[in-house]
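# Coordinate inspection notes
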Amino acid sequence: MHQSFRQLGRSPFNLNNSLTRLVIVWSVLGMISLGLVLRLAWLQIIDAPSLQQKAQKQQSVTVQRSVPRRPIIDRQGELLAIDRPSYTIYAHPMLFGRVLPKTGVRQKVTPAEVADLLAPILNRDRAELLEKFKQKSGVSLGSGLGENIKDRIAALKLEGLELPPVNSEYTRFYPQDDLAAEVLGYLDKKRIPQAGVESSQSMLLERKVAEFTLTQTGGKYGGAILPDRVTPGLLHTDDLQLRLTLDLRLQRAARTALLQQMQAWNALRGTVIIMDAETGALRSLVVEPTYNPNQPLKSLGLLRNWAVSDLYEPGSTFKPINVAIALENGVIEPNDTFYDGGAIKVGVNIIQNAEKKVINGRINIAQILQRSSNIGMVQMMQRLKPDIYYNWLQRIGLGQKSGVDLPLEERGEVRNRQEFITTPIDPATTSFGQGFSLTPIQLVTLIGSLANGGKQVTPHVVEGLFDSNGLRKDKPTQREQTQIFAPTTAQAVLNMMETVVTEGSGKRAIIPGYRIGGKTGTAQKSINGRYTSDDDKKITSFVGILPVDRAHRYVVFAAVDEPKGKERAFGSNVAAPIVKSVMEALIAIEQIPPSIAAKIKPEKRVN
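Cut-off values and rules
Residues numbered from 1 in each chain as written. Predicted model: local features only at pLDDT ≥ 70, side-chain atom pairs only at ≥ 80, totals over all residues. Heavy atoms only, no water. Helix = DSSP H or I, 4+ residues; strand = E, 2+ residues; numbered from the N terminus. Buried < 20%, exposed > 50% of the residue type's maximum accessible area, 1.4 Å probe, protein only. Contact = heavy atoms within 4.5 Å. Areas by Shrake-Rupley, 256 points an atom, 1.4 Å probe, with all protein chains shown as cover. Salt bridge = Lys/Arg side-chain N within 4 Å of Asp/Glu carboxyl O. Phe/Tyr/Trp six-rings, centres within 6.5 Å; stacked < 30°, edge-to-face > 60°. Lys NZ or Arg CZ within 6 Å of the ring centre and 35° of its normal. 1 Å grid on protein atoms, 1.4 Å probe; cavity = no way out; pocket = protein on both sides within 12 Å on 5 of 7 lines; lining within 4 Å. Points joined across faces, edges and corners; volume = space filled by probe spheres on them. Nonpolar A, V, L, I, M, F, W, Y, C, P; charged D, E, K, R; others polar. Pairing = 2+ DSSP bridges. Axes fitted to C-alpha atoms, helices over the stretch in contact; angles between N-to-C directions. Parallel < 35°, antiparallel > 145°, perpendicular 65-115°, else oblique. Left-handed = near helix turned anticlockwise from the far one by under 90°. Core = buried A, V, L, I, M, F, W, Y, C linked by side-chain atoms within 4.5 Å.

### Re the overall build of the chain
Looking only at helices and strands, the chain features 20 helices and 27 strands. Buried residues in the chain amount to 47% of all 607 residues. Contacts in the chain between residues far apart in sequence, at least 24 positions, make up 72% of those at least 6 positions apart. Accessible surface, the chain as shown: approximately 30500 Å² in total, 53% of it carbon and sulfur.

Next up, the structure:
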């Protein structure tokens, strides 16, 4: 046995070593295999959720989509404001080049050549662009660029110009330019609402900004978006639009009429307001001078809507309200008469009519309005105790806001109660519309109560949020109408206001075939608490009601600030023609049928 092992050149010890090595190898392989199995089990069972999350994170990207602001339309569906895509474009001068279409060869393009191509598209100076191109990369060529500009740049097929594949920004666009700027307001460069319904109704105009998850190919730095795995709803936005009560047809007519008179009288500024007396809906609100909301920074001094934000003394246009207060308290009857001797002494003060030499003699209440008698108004309101008078001024909302759904409405100003009650001159001047102040929109609201059977409504420009099928999606927010005068009182004053147009100072507002009520106003402006003797420092106004003989009526108001002409300016010759022109447009647009024409007497010029 031993000999055979020697002959074979082997020994028992060599055989044992081989077996040992074999066992070790297989043991190691077994341990490795077991480790792999255990690792695989760990990855697939225990650590699987964590790995899935990591994979999803690498294969998806979460973006916050820029959502366009809701459009604004007028009551006829005419577009007033809309968001449109805008772009920020960057240049990388070190990468400028072009791939030739036929050969596929890349051709270098110099910064000078790029400047020549881009200058007319961007409306920029070529030298300015060349200066920018001295930077090697990341040169901003402007933000808020329109889609047409982006397409023209893309058509150049230049390398080194960074164009976003989809719009990530929006710019607010106002297709009517300045036609309704005082109502709409605007967005600044940071898309922050400024003025108008853009500001007051921003909650309704802003769509909800949601995050979307997109699937992309793998890679350390992310890959391409997989179009077949886009999150449902990514491209969806609601179809809601903010509808206003404005009618652009009336807005154009009102602005045209106002501008004509302002130019004719070289006036400082003016406003026209049309309100549906039954609902408070504003069919038109015009302020001149105005601005273009597409370029608001060019007209910074004109951004204030003075029909809502500026106080003025209304003058004689407030007299119908005082007549209603006196009638409501039973201190006068419609047929009562007063003697107007041209002047009246109140304490140490002498009050005169607007035309100081005019003596109207004995006149009734309607004639006081027709001839705009300050003397008659003072005597009338002296029959009412000052504390009761003051209570009524508070009841009708004097010194308060109208509640119009536009921002920056100013609160009216009146004397404090103690001063009003103890100082006889205050009730006297209030009787003919001076010594206190309000805004044009507040005056329209008060006159609207006379046209609405004594009920006061809230003026508003927002009709609601509607979808494409015409269904309203928001809840009405208008306040309930408040009965401040008895219907009989309101009708009695309305009848008197009709005589102002047919027989008095409002004859320039006559429209044959239609019954119209109205009242002129010519108020001195208070400057630093004092009335100036300068005849140009006054506000002329006229408020009209159409039609007197129907339940559904409209209030049309016009005011012109500091008119200057060859003849003296009054509400009768400056503002009344504006209201007539606007009412003619209103009749045509609303298809208001004619009524029996009232008898017209010869005109007598008063304020």
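Picking up after the structure, the text goes on.
### Details of the environment of K475
Structurally, K475 can be placed in the loop between strand 21 (462-466) and strand 22 (482-483). Along the sequence, K475 and L465 sit 10 residues apart, while their C-alpha atoms lie 8.6 Å from each other.

### Side note on the pattern of salt bridges
Summed over all chains, the structure comprises 29 salt bridges. Among the salt bridges present, the one from K473 reaches D467, with a minimum N-O distance of 3.7 Å. On the accessibility criterion, D467 (10% relative accessible area) is buried. Each of R269, R304, D310, K525, K537, D561 and E562 takes part in a single network of salt bridges with overlapping partners.

### Remarks on the packing of aromatic side chains
Applying the stated criterion across every chain yields a total of six aromatic pairs. Ring plane angle 80° and centroid distance 6.0 Å describe the contact between Y186 and Y291, whose orientation is recorded as edge-to-face. Taken as a pair, Y186 in strand 10 (residues 186-187) and Y291 in the loop between strand 15 (282-288) and helix 11 (306-309) lie far apart in primary sequence, 105 residues in all. Relative accessible area serves as the criterion here: at 9%, Y186 is assigned to the buried category. When the centroid spacing of 5.2 Å and the interplanar angle of 55° are considered together, the rings of Y390 and F420 count as tilted. Note that Y390 is positioned in helix 15 (residues 386-395) and F420 in helix 16 (residues 417-422), a separation of 30 residues in sequence. There is no split in this pair, since Y390 and F420 are both buried. What links up through ring pairs into an aromatic cluster is the set Y389, Y390 and F420. Positioned above the aromatic ring of F466 is the side chain of R243, whose terminal nitrogen or guanidinium carbon lies 3.8 Å from the ring centre. The ring of W306 carries the charged tip of R269 above its face, separated from the ring centre by 4.0 Å.

### Here we look at the layout of surface pockets
Its volume calculated, the second largest pocket comes out at about 970 Å³. Together, 27 residues line the second largest pocket, and S143, G144, T171, K189 and N294 are the ones closest to its centre. Ranked by residues supplied to the lining of the second largest pocket, first place goes to strand 9 (residues 169-173) with five residues. For the lining of the second largest pocket, the class distribution of residues is 11 nonpolar, eight polar and eight charged.

### A word on the environment of G470
Note on placement: G470 falls in the loop between strand 21 and strand 22. For G470, a relative accessible area of 34% gives the class partly exposed. Sequence spacing of G470 and Q241 is 229 residues, and the spatial spacing of their C-alpha atoms is 9.6 Å.

### A look at the pairing of strand 16 (residues 337-340)
Here strand 16 shows a clear split, with F338 and D340 buried on one side and none of T337 and Y339 buried on the other. As judged from the four bridges shared by strand 16 and strand 19 (residues 361-364), these two strands associate in the antiparallel manner. Counterpart to Y339 in the pairing with strand 19 is R362.

### Observations concerning empty space enclosed by the protein
Considering all chains together, one arrives at four cavities of 30 Å³ or more under this definition. As for the second largest cavity, its lining consists of E182, V287, P289, T290, Y291, L302, L303, R304 and N305. Partitioned by chemical class, the residues of the lining of the second largest cavity number five nonpolar, two polar and two charged.

### Description of the sheet that holds strand 7 (residues 139-140)
With antiparallel pairing, the three strands of this open sheet are ordered in space as 7-4-8. Every other strand in the sheet has two partners, leaving strand 7 and strand 8 (161-162) as the edge strands with one partner each. Pairing geometry for strand 4 (residues 90-91) and strand 7, over two bridges, is antiparallel. Residue pairing in the sheet places A91 in a bridge with V139 of strand 7.

### As for the sheet that holds strand 2 (residues 72-73)
Pairing in this open sheet of five strands is mixed, and the strands run 9-3-2-13-21 from one edge to the other. Of all the strands in the sheet, just strand 9 and strand 21 have a single pairing partner and so form its edges. With five bridges joining them, strand 3 (residues 79-86) and strand 9 adopt antiparallel strand pairing. Bridge pairing links I82 to F173 in strand 9.

### Description of the packing of helix 12 (residues 319-328) against helix 19 (residues 487-503)
The N-to-C vectors of helix 12 and helix 19 enclose an angle of 140°; their axes lie 9 Å apart at closest approach. If you check the angle between helix 12 and helix 19, you find them oblique. Relative to helix 19, the crossing made by helix 12 is right-handed. Side by side, helix 12 and helix 19 meet where P320, V323, A324, L327 and E328 of the first sit next to T489, A492, V493, M496 and M497 of the second. For the contact of helix 12 with helix 19, the class distribution of residues is eight nonpolar, one polar and one charged.

### A short note on the nonpolar core
Membership of the largest hydrophobic core comes to 86 residues, with the highest contact counts inside it found for L244, V323, I325, M380 and I396. In terms of residue count, the dominant contributor to this core is helix 18 (residues 440-451) (seven residues). Beyond its immediate chain neighbours, meaning those up to four positions away, I396 contacts F318, I321, I325, L446, Q456, I484 and F485.

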